[in-house]
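Structural description and commentary
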Amino acid sequence: MFESLQSQPADKILELIQMYRDDPRADKVDLGVGVYKDATGLTPIMRAVKAAEHQLWETQDSKVYTGLAGDPAFGDAMVDLVLGSAVPRANVAAAATPGGTGAVRQAFELIQMARADARVFVSDPTWPNHLSMLAYLDIEMVPYRYFDTETRGVDFEGMIADLKTAKKGDVVLLHGCCHNPTGANLNATEWDAVIAVLLETGATPMIDIAYQGFGEGLNEDAAATRKVAASVPECIIAASCSKNFGIYRERTGVLMVVSSDSKAQGLNQGTLAYLNRQNFSFPPDHGARLVTMILTDDALRADWQAELEDVRQSMLGLRTQLASELQRLSGSDRFGFLAQHRGMFSRIGTTPEMVAKLREDYGIYMVGDSRMNIAGLNVQTVPILAKAIVDAGI
Ligand code: LMR
């Protein structure tokens, strides 16, 4: 029966991981997949995660099933981390999922279940897997303008004009912070304008927040999500713990649905549990349990926040270093946007041919749309990258 299968396109981000591994050059630089690397090139296990694992190993006496929505304590801890006190807890349905991607996938299925004809508005560009999952589920997508290729900032006027064409029953997918792949983000006033358009059109926002703590700080990065959730009648939020807890392979995420009352919350909570059951039954628990332990223990939480802040500061430092090195070598300010962007990524805004040239001639790996993982750099590799960019004529 399987002879009828068609080979599927490789995921561009994951394909790069293999190409990089196969490259024998010692001085190659990996700016592909979004993982944080320290100055030695290692993606470390965070101190609080290690401590929680140690504690868990000593105290956990059963691995019996949790609940279909995961351990409720994890849901509570994550609702608090992402939403703070923006909305009443009783109005939020929350279910643990296998990673942030799992949350996004469950959200898309929820949307489809609720309204088979819903269209999902996606930023142009967005994380490629958003598009791939929507296509797989046969959900109609509508791109909205987002990235200004001239300024490398947000094409805000274009974005608003396009979002105004959404209607009730449509969903607008927004990146809560640290836009992937561009690194260009809305400011607070622009978020307010987006909220006004959502209220005007009646479209439902869905926020993908995968990098909380990597941009301006833990609370600052959640501010837009909180404001949206508090302003609109219904909102979907997919949050990831992969990056900010550094537990990529543990697959830890949460899907939240915010509604205006606790009656709707009950229906939403039941539906999230049902959807989990259909797709994988109980969600993975190990990462979720570590996150819960960290968020609910003062000492672990303080240590986690301190380390996360160090990671954030180091990314900011790399951004400043790269922008000033490029300024020095190119004699122009045209790369200044790198210091303005936030999060792991920046789209440098060059052609696929240039990206291929950087890979082939200089051993620098970035995604074909010229997205660089800033967190893959270190103080030694920044000058190498800057020189390659200028030498290649970007
Ligand atoms: C990325 O965009 O590099 C990350 O979100 C990892 C992934 O799964 O693509």
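Model, not experiment: these values are computed from the prediction.

This part is about the overall build of the protein chain. A tally of helices and strands in the protein chain yields 14 helices and 11 strands. A compact globule built from 394 residues would reach a C-alpha radius of gyration of about 21 Å, and the protein chain, at 21 Å, matches this within 12%. A principal-axis box enclosing the C-alpha atoms of the protein chain has dimensions of 60 × 55 × 55 Å. The buried share of the protein chain, reckoned over its 394 residues, is 55%.

What follows concerns the packing of aromatic side chains. Following the criterion strictly, the structure yields 5 aromatic pairs and no others. Aromatic side chains Tyr65 and Phe282 sit 4.3 Å apart centroid to centroid with 15 degrees between the ring planes, which places their arrangement in the stacked category. Taken together, the residues span a long stretch of sequence, with Tyr65 in the loop between α2 (47-59) and α3 (72-83) and Phe282 in the loop between α9 (262-279) and α10 (286-296) at a distance of 217 residues. The exposure class of Tyr65 is exposed, given its relative accessible area of 64%. On the basis of relative accessible area, Phe282 is assigned to the partly exposed category, the value being 25%. Considering the side-chain rings of Phe245 and Trp304, the 4.2 Å spacing of their centres and the 5 degrees angle between planes classify their relative orientation as stacked. One end of the pair, Phe245, is in the loop between β7 (235-240) and β8 (253-258); the other, Trp304, is in helix α11 (residues 298-330), and 59 residues separate them in sequence. Classification of Phe245 as buried rests on a relative accessible area of 0%. You can call Trp304 buried: its relative accessible area is 0%.

Here 7 strands make up an open sheet; going across it, the order is β2-β8-β7-β6-β5-β3-β4 and the pairing mixed. Each edge of the sheet is formed by a strand with only one pairing partner; in this case those strands are β2 (92-97) and β4 (140-145). Averaged over all pairs of adjacent strands, the angle between strand axes in this sheet comes to 20 degrees, irrespective of strand direction. Looking at chain direction, β2 and β8 are connected through 6 bridges and run antiparallel. Bridge pairing in β8 links Thr97 to Gly253. In this fold helix α6 (residues 156-163) packs onto β3 (119-124), β4 and β5 (171-175), with an angle of close to 145 degrees to the strand it touches most, β4. Across the sheet, helix α7 (residues 188-201) lies against β5 and β6 (204-209), angled at about 165 degrees from β5, the strand it touches most.

Here we take up empty space enclosed by the protein. This structure, assessed with the given rule, holds 3 cavities of 30 Å³ or more. Estimated volume of the largest cavity: approximately 70 Å³. Around the largest cavity, the lining residues are Tyr144, Tyr146, Met159, Leu174, His175, Gly176, Cys177, His179, Asn185, Leu186 and Trp191. Taken together, the residues that form the lining of the largest cavity break down as 7 nonpolar, 4 polar and no charged.

Within this model, the largest pocket holds a volume of roughly 790 Å³. Around the largest pocket, the lining is made up of 32 residues, and of these Leu14, Val33, Gly34, Val35 and Lys243 lie nearest the centre. Elements with a contribution of two residues or more to the lining of the largest pocket: α1 (12-22), α4 (99-114), α5 (128-136) and β6. In terms of residue count, the dominant contributor to the lining of the largest pocket is α1 (5 residues). Partitioned by chemical class, the residues of the lining of the largest pocket number 15 nonpolar, 9 polar and 8 charged. Two domains each provide a minimum of three residues to the lining of the largest pocket, namely domain 1 (10-45 + 301-391) and domain 2 (65-296). Roughly 600 Å³ of volume is contained in the second largest pocket. What lines the second largest pocket is a set of 27 residues, and nearest its centre among them are Ala114, Arg115, Thr204, Glu234 and Ile236.

Neighbouring residues of the ligand: Ile13, Val33, Gly34, Trp127, Asn180, Tyr211, Lys243, Phe345 and Arg371. In this structure, an oxygen atom belonging to the ligand sits 3.1 Å away from a side-chain N or O atom of Lys243. Within the side chain of Arg371, a nitrogen or oxygen atom sits 2.8 Å from an oxygen atom of the ligand. Look at the ligand: alone it shows 260 Å² of surface, and the protein chains cover 82% of it. There are two domains that each give the shell around the ligand at least three residues, and those are domain 1 (10-45 + 301-391) and domain 2 (65-296).

Often, the extent of an interface is quoted as the loss of accessible area upon association of its parts. Here the protein chain is described as being made up of domain 1 (10-45 + 301-391) and domain 2 (65-296). Placing a centre on the C-alpha atoms of domain 1 and another on those of domain 2 gives a separation of 26 Å. If you look at the interface, domain 1 gives 25 residues, while domain 2 gives 30 residues. Where domain 1 abuts domain 2, roughly 2400 Å² becomes buried across the two surfaces, and 59% of that area is made up of carbon and sulfur atoms. The largest share of the area that domain 1 buries against domain 2 comes from Arg301, Trp304 and Arg347, three residues that together contribute 28% of it.

Conventions used here
Position labels on residues start from 1 in each chain and follow its written sequence. With pLDDT at 70 or above as the cut-off, local features in this predicted model cover only qualifying residues; side-chain atom pairs require 80 or more to be listed or tallied, and sums for whole chains, interfaces and linings still use all residues. For side-chain calculations, the full set of non-hydrogen atoms in the structure is used, while hydrogens and water are omitted. Counting from the N terminus, the helices are the DSSP runs of H or I reaching at least four residues and the strands are the DSSP runs of E reaching at least two. Values of the radius of gyration come from C-alpha atoms, whereas the globule rule sets the reference at 2.2 Å times the count of residues to the power 0.38. With a 1.4 Å probe rolled over the protein chains alone, any residue whose accessible area is under 20% of its type maximum counts as buried; one over 50% counts as exposed, and the rest are partly exposed. Working definition: a ring pair exists when centres of Phe, Tyr or Trp rings (six-membered ring for Trp) sit within 6.5 Å. Plane angles under 30 degrees give stacked, over 60 give edge-to-face, the rest tilted. Two strands qualify as a pair provided that DSSP identifies no fewer than 2 bridges between them. Note on definitions: angles span 0 to 180 degrees between N-to-C directions of axes, and those axes are lines fitted to C-alpha atoms, for helices only across the stretch in contact. Here, residues are in contact when the closest pair of their heavy atoms is within 4.5 Å. Cavity means a closed set of points on a 1 Å grid over the protein atoms alone, one where a 1.4 Å probe fits but cannot get out, pocket means an open set with protein on both sides within 12 Å along at least 5 of 7 lines, and lining means a residue has an atom within 4 Å of a point. Grid points are joined across faces, edges and corners, and a volume is the space filled by probe spheres set on the points. Ten residue types, Ala, Val, Leu, Ile, Met, Phe, Trp, Tyr, Cys and Pro, are classed as nonpolar, four, Asp, Glu, Lys and Arg, as charged, and the remainder, Gly among them, as polar. Where a domain begins and ends is set by an automatic assignment or by a domain database. We call a residue near a molecule or strand whenever a single non-hydrogen atom of that residue lies within 4 Å of it. Under the rule applied, a polar contact is a pair of N or O atoms within 3.5 Å (in protein, one hydrogen donor and one hydrogen acceptor; residues adjacent in sequence only if both atoms are side-chain atoms). The accessible surface values rely on the Shrake-Rupley method and a 1.4 Å probe; as for residues, cover is taken only from the protein chains in view. Note on definitions: buried area is the accessible-area loss of two parts on being combined, 1.4 Å probe, summed for both.

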